[in-house]
Structures are given as structure tokens and as C-alpha cells.
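Read off the chains here:
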Amino acid sequence: MEKKLDSSANEVFVAGIGIITSIGNDLDTCRQHLTSGQSGLSAFDNIDQIEGIGDIVTGQIKSSTAQLAKVLGNLPNTYTRTDLLAIYAFQEAIKDAGLSEQDLTSKRTAFLSACTVGGMSKSRNLYHDSIANSNPTEYLNSYSASVHLHKIVIEHGITGPTSVINTACSSSANAILLGGELIRNGQVDLAIVGGVDALSEFTVRGFNSLGIMSDVLCQPFDQNRKGLNLGEGAAFLVLSKQKPSIEKHGQLLGWANVNDSFHNSSLNEDGSGILRCLTAALDCAQLSSKDITSINAHGTATPNNDLAEITALAQLFSDHPVDFYSTKSFTGHTLGAAGAIEAVFSLLALNYEEVYPSLHISTPLTKAHLTPNLEYKKARQKAIMSNSFGFNGNCTTLIFGQ
Amino acid sequence: MRILGSYSISPQLFLHQKEETVINYHTPKNILLCSEPDLKAYIPMNQLRRMGKAVRIGTACSLILRDRITQDHQPDAIIIATANGGLEDCVKFLKQIVTFGDASLTPTNFVQSTPNAVAGNIGLSDRNHAFNITHVNNSFSFVDALRNAQLLIEKDETQQILIGSVEEVSDFNYNINELRDYYKKDSIYSLDLFNTSSDGTICGEGAFSMYVDGQKTQGPKIIGFGTLLNDNPNKINAWLTDLLEEHKINQDDVQQLMLGYSGDQRHDHFYDLVQDMIPSANTYGFKNLFGEFPTVIALALDYSIYLLKKGKPVQETEIRINHRNTNGITLIYNHYNGVEHSVILLKN
């Protein structure tokens, strides 16, 4: 692959953002919720008549799949909710960045997405087709995690490098990381990076079987937290080697991918794996922990995650306090989309110089002098850390700054 | 990047287990299943019992390779490619949902079904904290993994990177692909695949792993790769020509074509095009050995490495023989559904 050498090639600018979550389908609406402490979590409303999800709290996008398809130009039924959320956020991101057709079709524009559920959002259809000998559903070609990416690639004539990442709950953080690597390495000029996941019976029942879902509003970093709420959404960032003409979103300063290597579905509660990841990201960004002004934590609200995470943070920030919070108390855990959605919230916090609250906390989980941020506040921001940790030890940390 | 060593678990034993034995399958549904070596030495029994096939063969493949070539050296990155990961477990979990309704379900199938379980298990088995990622871009996943490894090597050429791939046959993909008319209706002998002229192909599975680095001077080298998402055959020539030019390779330098002929008359014309484009090269096929599945290009790479090393192909894989050398550059080209095209350039 052609490689351009440039001494200033270390900078990775964020030139555009597209987002859709349960707290808004644009940046301003998301920020209004974050600043006013208004959560998107609520009792599941079965707008799509999905079987088997039942009476639970979710961070659901309040448009039916049919409504989303209509808004996006009457797309056919074979587009799953996953595809539609991805297309929505992708279109917003390229519009925000002002990308031309030439930009999109250039070999030097990458498109890296992330997804865990894919077309399995049609869980019952998938089951039917996997055991049927006849009468297939119309979703036969819709199940793969790559379908949304391929639809977008064909629609926009994308010819540069592509991929879809699945590292469970850190998937889209890794898509962002790889986009950063591609730009820093000089292989591409632009990278559209992020991820998507829709609510599905498969994941709801899966997390439920692990006993880590809360039946009430999730309480990240509360001593009595009962588990996570699932959410859905999509977010894409346009990363650019060139400084955008109007600098509005900041820079991706550093990143790290480290494996906790402890257990398939839980983190090492001594925090050692996470600490390696945080430290490696600081090294990559050439920053010290003193430069970090706040942290958008992974904060799933499971007993295991929040303990492991606060333990690692307390070791890294052992001699000075730092603000941290989990925006999963607003959106729920959006799985493969979470890393990208939380990256976007980190960029909002950076640009508006503010710190968001962790909602629903009655008794804060504290460690040393660290305690989660409970109220919205203004505070000068230099560099913000965004953490994502997945099953199978897949830890990723991103650092954003001006 | 240079290949330090490779290993695969596939329907064929001759690559790494029993030389000279090429298995000719004849099964009712044209399914070629992996011949699994004894894995007990590599994975504890209590873990083996819990593992679905994709996780089992994907993890074992990497651990066996490490044992053979690097002994105690842990990889500096683990990069796995899989279109679907542990599908059998996915369907088993869906079956639990449908069968048991609101009752509490056992999570093993759910945890095993996540595609990153293979890379996770490899890391976990060594307590390896290194870079760990899983690409799930359907049939492009393996080339995406190569691109990912190349990026890491360009940052630090001393890194030894483990690249792997895995796909399993399960009810899920077999039934879904059958509903899509993907497989032949009549049962055939697998080694006769290239002599059939009907719709559909045969079904396979397999795991592959290799170590690569940027500083070794001997051994096969991956010099280029690419992907193209397009259903237009007219785009193939320009796409491959661009790739060869980018790497300053004349068409005559390509001495072997390793092509994904699948015996499906609806899609094999793409391979004829590539043969016509490089008329001087020998042409080999590989799907009569391994069957068709999304990441089969990884096994095509393993067979190409074998061919370079042994200098002697499996006779049944010869499609066009112009000369007796097995040197120079091997161009491996495969497509999935006539839409997802992948290419790898391998130099001895």
C-alpha cells in the first residue's frame, strides 16, 4: 500500500461526527440530555413486536424499524435495525465532515466499523432459517455482522480499506484505534470509524443468562449496583490527517489495546489488566496521568466491571483526584456501538469544557480519593480518557484532546 | 511481512499431519469436516468439553503452531479473522430461548458464541496481555487481519504477530446457505469438484494460524493483498492490474495462480478471467480439498506455502500446468458469492 511520509503525521483530527442513541439522534440533543441529567433509559416499549424481550429497562431508540427505514428513504424490509442505525449515523458523520463523493471513493479513505449483533437483531428469523428446510424468511442475506458495512460501501462507492471489528463491548473503540493507526502510519488521509448494535432478543437473553442485567435503572459506580441495562445505537467519527478548516471536535491523541487475559466473561478485580491498558494509552499519547482531566469510564454497572475499573483508576491516579463518570447511565450498554458513542460524548465534554454526571447513584462506590461525578459541572478539559472493556479480556482505551 | 511458520486444521491431513494422504470426501450433503488432531496436550479436558468447535479448533491451531515454531515466545499481537465465529453455540442458545421461554438459560453457549472467544482463549491460555483483536468482515476478514498485522509491523518490525482464522460448519450456516441454493443438490466426490458443471458448491470448514514478522530474511513473504466489493466481472482485471503495478510486479513474475474455483457454474467465470489475464502461470485450485466457506482463503495460503516448500502439488488440484517450477510469485484470488473479492500475493 502506498505510504506518504510526513513529519506532522502524528496528528489525528476528528473532522465529523454522526450519532443516534436513546438520548438523541444528533449531537445537540445528546448534549442536552447529558447536561440536564436526563437519561434515555426506560421500560422497554415493544414498538417492533420483538418476541421474548419482556418487561425490562433498556436504552431504546424510540423509532420503530419501519419508521427508521422510511426516514432513510423508504429502504426495503431486508434492511435490519442494525443496518438502519448504522446508515443513519454514517450519513450524519459524512455530512458533518462535509465529505465529497471524491473523498468517499478515494482509495485513501478507510471505513472501519464494529458490530456484535449484526442481523441477529432478527433473532427468531435467524433461528427459523437455521433449522428450516424450506420457506426461508426474507432476511437470508441479512444476518452477518458485516452486512451494514457492505451496504454502505456499495451505496457510497468506497474503495479504501474496510473492516468490521468484534471484540465484544470494546468493538467500536478498536475500530477507532485502527483508524488512528492507519492515519498515523500514512496509509490513509481519512478514516470513517465507529460501530453499531441494535437491541435483540439474543443479547437480552444472553446477558440475562449471565445474571448481570439489572431489572431497574442501572447504577454505574454505586455500591449497591445490580447490573447493566442494554441499549442500542450507532456512532461514526470521521478521522482526518488534515486539520479541518473549522476545528470543532478535537483530536484523537492516543490509544491502547491490551488483553486482561484473566477470564472469558469477567475482568481481573485487582485492576492490573485495565491499568496496563490505561498506561499504554498514556504512553501512546505521550501524556502523563496528570494531563487527564476526566474519564468517560466503561462503567457497565455490573459488580465486577465497576470494581475492576475503579481499582485500576485508583492506582493510576494515586496522587491526584480525577473526574470520572459512566454515560451508560444515560444510554444503557450499547455493546459494539458503546466505544464510539462514548468517544463522541468525550469529545462533547472536551469541546464544551464540562463533566457529565453518573446517574442513579445513591451510595457512591469510592476507592482511595476517587469518587464518581454526581452532578453536571463546567471544568477545564485538557485530555479525556474513554474506556471500553469487552468479554474475553478485550480492553481498549482512547484519549481525546485539543 | 515474512511467514515464520503456519499450521492448519482442515478437512485434509497432508498439510501438517499425515503426508501423502489426500482425502476424497463423499458425503450425503457434500460437507467436508475438519480432521482434528489430538488436542488434549494443548487444552485441558475440562475446557475442551465446554468449547464449541470454532473456539476449539481456532484456539488449538494457534497453540499447536506456537509449540512447533516458537516454543515459549508469546506473540506480540493476536489477530483473528472469522466471518461467523461459534455459530453452533449461537444456534444452541437461540434454541434454549425458543424452547425454555422465560426460564433462566445457561450462559455457556452465549459466551462461546461471541466471535472474539477464539482470540480471547489464545490470550488467556498464555496469560498474554498483548494486542488482541477479531475481524468479522465476512470473507474479507482474513485480508483485513493481514492489513492489521502489516500496520503493527510497520510500527515495529521486530514484532512477532499471530494471525489466525476459523470457520465451522454448523446447522446455522449450512441450512441458511442451502436455502440460498449455495450447495450442489447431488452428492459428489470432493476431488471431482472441478469436473462438475452445475449450480452450487461443496461445504467446508477449517482453522489456520501463522506467525509473521518484519525482519526475517528467509521464507515465504506476503508482499501484497487487497479486497474489492463489486459484482461486476469487468472490474476484476483493473483491480488486480493496479495491485500488481503498486508492487512493481510484471504479470510474467506471477508463476502460480491459486484460484478459488468452486465448481459452481454461476460464479467460476471470475476465475477464468484471472487465468486469461496471466496466461503463463500454472493454475491450482483448492476448494476440492477444503470445500467452500468465508475464510477459506487462509487455507489457500497454507496450501500455497506447502507448494512453495515441497515443490510438488497435489495432482488433483492442478488446473493448468505450463511449466514445472513452483517459484516466483503466487497470486491467490478468491471470491465469495461473486461479490466479495480477495487477493494475496505470496513470494518465495
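Note that the coordinates shown come from a computational prediction; the quantities given were computed from them, not determined experimentally. (Residues numbered from 1 in each chain as written. Chains lettered and ligands numbered in written order. Predicted model: local features only at pLDDT ≥ 70, side-chain atom pairs only at ≥ 80, totals over all residues. Heavy atoms only, no water.)

Draft legend 1. Quick look at helix α8 (residues 234-246) of chain B. Residues and elements named next belong to chain B. When we look at burial in α8, the residues that qualify are I236, W239, L240, L243 and L244. End-on, the buried residues of α8 take up no more than an arc of 130°, which puts them together on one face. Counted as exposed and oriented over 90 degrees from the buried face of α8: N234 and E245. Buried positions along α8 lie against β6 (221-229), β7 (254-259), α9 (269-277), β10 (329-336) and β11 (340-347). (Buried < 20%, exposed > 50% of the residue type's maximum accessible area, 1.4 Å probe, protein only. Helix = DSSP H or I, 4+ residues; strand = E, 2+ residues; numbered from the N terminus. Arc of directions from axis to C-beta. Contact = heavy atoms within 4.5 Å.)

Draft legend 2. Structural context of the packing of helix α7 (residues 171-184) of chain A against helix α6 (residues 141-155) of chain B. Here α7 of chain A crosses α6 of chain B at 55°, and the two axes come no closer than 10 Å. Comparing the axis directions of α7 of chain A and α6 of chain B gives the class oblique. Our pair here, α7 of chain A against α6 of chain B, has a crossing hand that is left-handed. Judged by residue contacts, L178, E181 and L182 of chain A of α7 of chain A engage N148, L151 and K155 of chain B from α6 of chain B. In terms of residue class, the contact of α7 of chain A with α6 of chain B is made up of 3 nonpolar, 1 polar and 2 charged. (Axes fitted to C-alpha atoms, helices over the stretch in contact; angles between N-to-C directions. Parallel < 35°, antiparallel > 145°, perpendicular 65-115°, else oblique. Left-handed = near helix turned anticlockwise from the far one by under 90°. Nonpolar A, V, L, I, M, F, W, Y, C, P; charged D, E, K, R; others polar.)

Draft legend 3. Structural detail: the pattern of salt bridges. Residue and element names in this part refer to chain A. As enumerated under the stated definition, the model contains 27 salt bridges over all chains in all. Where D306 meets R225, a salt bridge forms, and the shortest distance between an N and an O atom there is 3.7 Å. Note that D306 is positioned in helix α10 (residues 303-316) and R225 in the loop between α8 (201-209) and β7 (230-231), a separation of 81 residues in sequence. When its relative accessible area of 0% is taken as the criterion, D306 is described as buried. When its relative accessible area of 11% is taken as the criterion, R225 is described as buried. Ionic contacts of the salt-bridge type, sharing partners, join the residues R31, E354 and K378 into one network. (Salt bridge = Lys/Arg side-chain N within 4 Å of Asp/Glu carboxyl O.)

Draft legend 4. Local environment of the pairing of strand β14 (residues 383-389) of chain A. Residue and element names in this part refer to chain A. Counting buried positions over the 7 residues of β14 gives 7, a clear majority of the element. A two-sided burial pattern is seen for β14, the buried positions comprising A383, M385, N387 and F389 on one face and I384, S386 and S388 on the other. Here 4 bridges tie strand β10 (residues 292-296) to β14, and the two strands are oriented parallel to one another. Paired with N296 across the strands is S386, a residue of β14. Pairing analysis gives 7 bridges linking β14 to strand β15 (residues 394-401), with the strands arranged antiparallel. Residue pairing in the sheet places S386 in a bridge with L398 of β15. Two successive antiparallel strands, β14 and β15, enclose a turn made up of 4 residues, where N392 displays a positive phi of approximately 65°. (Pairing = 2+ DSSP bridges.)

Draft legend 5. Expanded view of the nonpolar core. Core analysis: the biggest nonpolar cluster contains 91 residues, and L237 of chain A together with F142, M210, I222, L301 and Y303 of chain B have the highest contact counts within it. Ranked by residues supplied to this core, first place goes to helix α11 (residues 297-310) of chain B with 10 residues. Beyond its immediate stretch of four places on either side in the chain, I222 of chain B contacts M1, I3, L146, M210, L301, I344, L345 and L346 of chain B. By size, the runner-up hydrophobic cluster in this structure holds 36 residues, among which are A15, L68 and F111 of chain A together with V136 of chain B. (Core = buried A, V, L, I, M, F, W, Y, C linked by side-chain atoms within 4.5 Å.)

Draft legend 6. Spotlight on the confidence of the model for chain B. In this model, chain B carries a mean pLDDT of 94, and residues with pLDDT of at least 70 account for 99%. Under the prediction, the complex receives an ipTM of 0.97, its pTM being 0.97. (pLDDT = per-residue confidence, 0-100.)

Draft legend 7. Highlighting the interface of chain A and chain B. Every contact between the two is made by 63 residues of chain A and, on the other side, 54 residues of chain B. Each partner contributes to the roughly 5,000 Å² buried at the junction of chain A and chain B, and carbon and sulfur atoms together form 59% of this total. The largest contributions to the chain A side of the interface with chain B come from Y127, F202 and R205 of chain A, which together make up 14% of the buried area. Remark: the boundary between chain A and chain B carries 2 salt bridges. Close ionic contact of K107 of chain A with D242 of chain B constitutes a salt bridge, the shortest N to O distance being 3.5 Å. Our count for the contact surface shared by chain A and chain B stands at 24 residue pairs in polar contact (both at pLDDT 80 or more). Those elements giving two or more residues to the side of chain A that touches chain B turn out to be α5 (123-131), α6 (147-156), β5 (162-165), α7, α8 and β9 (251-259) of chain A. Residue composition of the side of chain A that touches chain B, by class: 27 nonpolar, 26 polar and 10 charged. (Buried area = accessible area lost by both parts, 1.4 Å probe. Polar contact = N/O pair within 3.5 Å; in protein donor to acceptor, adjacent residues only side chain to side chain.)

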